[in-house]
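What follows is each chain in one-letter form.
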Amino acid sequence: ATATRGLYRTNGQRTARFELPVKGGPVTVRTVLEDSTGVFWFGTAERGILRLSGSRMIAYTTQDGLRSNSIRHILEDRAGNLWVATGSGLSRWTGKGFQTYYIENGLSYGSVRVVAESRDGDILVGTDGGLNRIHDGKFVHDPALAELGSEPVWSIIQDSRSEEHTSELQSLRH
C-alpha cells in the first residue's frame, strides 16, 4: 500500500498494481493483513475495513460497530480475533461483530497507532499518548509500560531474544 492510493502485488520478480473490487471511487489503503484462514483485510484511511475472501468483498464501517473509519493497523491474535487500531480508539472483531474500546474503558489516549500481542497473550496498544496493556479483555495497569508516560508509541516489536538476555539488558541500564 502506498501513500498515493496505490495497492501493489509482487511475486519477487514482477510488481503489478492491484485493484480492489470496491464501488464508490478510489480508496486509500493504509494497512493489509492476511489472516490465518487466508482472508485479506484492508484498513483504509476513510472507508473502514475491507474484507476480501476469494472474490467477495465486504466493507465494515462505523455503521457496523467499528470505532472509526480511519484504520491504522490490524493484528490477528492467537485466538483469531482481529484488533483494529483506529484514529479514534480500538476495535476488536470476534467474527460476529465489533467490540470497541476508548478512554472510558481505560485507553490512555484516543488515537491508536499500533497493536501487538505479547508472549503471554496480552494485547499491547500503542497510542499517541502512551502504551496500554489489555489482559483478559480489560485494560490493566502495567508499571513497566507506565514508565513511557504519555510518549507517542507508533511501533511495537517483541524482542526475539530470551527472557534471560532481556533481564541482563535491564540490569545493565540500572
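Cut-offs and rules
Residues numbered from 1 in each chain as written. Predicted model: local features only at pLDDT ≥ 70, side-chain atom pairs only at ≥ 80, totals over all residues. Heavy atoms only, no water. Helix = DSSP H or I, 4+ residues; strand = E, 2+ residues; numbered from the N terminus. Contact = heavy atoms within 4.5 Å. Areas by Shrake-Rupley, 256 points an atom, 1.4 Å probe, with all protein chains shown as cover. Lys, Arg positive; Asp, Glu negative; His and termini not counted. Charge placed at Lys NZ, Arg CZ, Asp CG, Glu CD. Pairing = 2+ DSSP bridges. Axes fitted to C-alpha atoms, helices over the stretch in contact; angles between N-to-C directions. Buried < 20%, exposed > 50% of the residue type's maximum accessible area, 1.4 Å probe, protein only. Polar contact = N/O pair within 3.5 Å; in protein donor to acceptor, adjacent residues only side chain to side chain. Salt bridge = Lys/Arg side-chain N within 4 Å of Asp/Glu carboxyl O.

*Asks:* Describe the overall build of the chain, listing the residues and the values that go with them.
*Replies:* Within the chain, the regular secondary structure consists of two helices and 14 strands. If you line up the chain on its principal axes, its C-alpha atoms span 55 × 40 × 30 Å. Excluding contacts between residues fewer than 6 apart, the proportion of contacts in the chain whose partners are at least 24 apart in sequence is 36%. Total accessible area on the chain stands at roughly 10300 Å², and carbon and sulfur atoms take up 48% of it. Put simply, the chain has 20 plus and 20 minus side-chain charges, and the middle of one group is 11 Å from the middle of the other.

*Asks:* Describe the sheet that holds strand β3 (residues 29–34), and please don't skip the residues or the numbers.
*Replies:* Spatial ordering of the open sheet is given by β3-β4-β5-β6, a layout of four strands whose pairing is antiparallel. Taken across any chain shown, the strands that pair with only one partner, and hence form the sheet edges, are β3 and β6 (56–60). Put simply, the sheet's adjacent strands are angled 20 degrees from each other on average, direction ignored. As judged from the four bridges shared by strand β4 (residues 40–44) and strand β5 (residues 49–53), these two strands associate in the antiparallel manner. Along β5, the bridge assignment pairs Phe40 with Leu52.

*Asks:* Kindly report on the side chain of Asp122, identifying the contributing residues and their values.
*Replies:* Topologically, Asp122 is positioned in the loop between β11 (112–117) and β12 (123–127). A relative accessible area of 6% places Asp122 in the buried class. Here the side chain of Asp122 touches His135 through a polar contact of 2.7 Å, side chain to side chain.

*Asks:* Lay out the pairing of β4 with the relevant residues and their values.
*Replies:* Burial analysis of β4 places four of its five residues in the buried class, which makes it a mostly covered element. Counted along the chain from β4 to the antiparallel partner β5, the turn is four residues long, and its residue Gly48 has a positive phi close to 75 degrees.

*Asks:* Give a detailed account of the pattern of salt bridges, specifying residues and quantitative values.
*Replies:* Counted by the stated rule, this structure contains six salt bridges. Residues Glu19 and Arg17 are paired through a salt bridge, measuring 2.8 Å at the closest nitrogen-oxygen approach. For Asp142, the salt bridge identified is with Arg133, shortest N-O distance 2.6 Å. The class for Asp142 is buried, based on a relative accessible area of 14%. Residue classification places Arg133 among the buried residues on the basis of a relative accessible area of 16%. Connected through shared salt-bridge partners, Asp120, Asp122, Arg133 and Asp142 make up one network.

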